[in-house]
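Survey of secondary and tertiary structure
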Amino acid sequence: MIPTNTTVLASAIQTVEELAPGRVKLVVGSGYTSAITIGRKPESTIVLGDPNASRAHAEIRPHGAGFVMVDMGSTNGSRINGVRVSHQELSDGDELTFGNTRIRFEAS
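Every value quoted in this text rests on a predicted model; they were computed, and no experiment measured them.

Let's talk about the environment of Ser-44
Structurally, Ser-44 is set in the loop between strand S4 (36-39) and strand S5 (46-47). Counting along the chain gives 12 residues from Ser-44 to Ala-56, while the straight-line C-alpha distance between them is 7.6 Å. Those residues within four positions of Ser-44 in sequence are excluded, and the remaining contacts are Thr-37, Ile-38, Gly-39 and Arg-55.

This is the structure in structure tokens:
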């Protein structure tokens, strides 16, 4: 499980490093072709220890030359830069919120 104060880097998911509590950093390489699942389920790509996150909260999927975030019908919803969304294309630097966990999205 990735604690809610951790950073995840992905190009397949590259590395993990600490940030402030409740903050995660996700860096996804441009050649990444699989969906990144986010939630409390142990089989999620990013397992959150946040009780306010759903078991299957959201996915980040490759989309064209970039990525899109898709809420998977979570109880508390997903936000991008503070706005509740169900499906939205991601930009470098977007802040994604799942429960009380904030993930900074970066494309490399």
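Continuing now.
Focus: the pairing of strand S11 (residues 95-98)
Two strands pair when backbone bridges link them, and strand S8 (residues 78-80) and S11 are joined in this way by 3 bridges, in the antiparallel orientation. Paired with Ile-80 across the bridge in S11 is Leu-96. As paired elements, S11 and strand S12 (residues 101-107) share 4 bridges and run antiparallel to each other. Within the sheet, the bridge partner assigned to Leu-96 lies in S12 and is Ile-103. From the end of S11 to the start of S12, which pair antiparallel, there are 2 residues, and Gly-99 there has a positive phi angle of about 65°.

Reading guide: rules and limits
Residues numbered from 1 in each chain as written. Predicted model: local features only at pLDDT ≥ 70, side-chain atom pairs only at ≥ 80, totals over all residues. Heavy atoms only, no water. Helix = DSSP H or I, 4+ residues; strand = E, 2+ residues; numbered from the N terminus. Contact = heavy atoms within 4.5 Å. Pairing = 2+ DSSP bridges.

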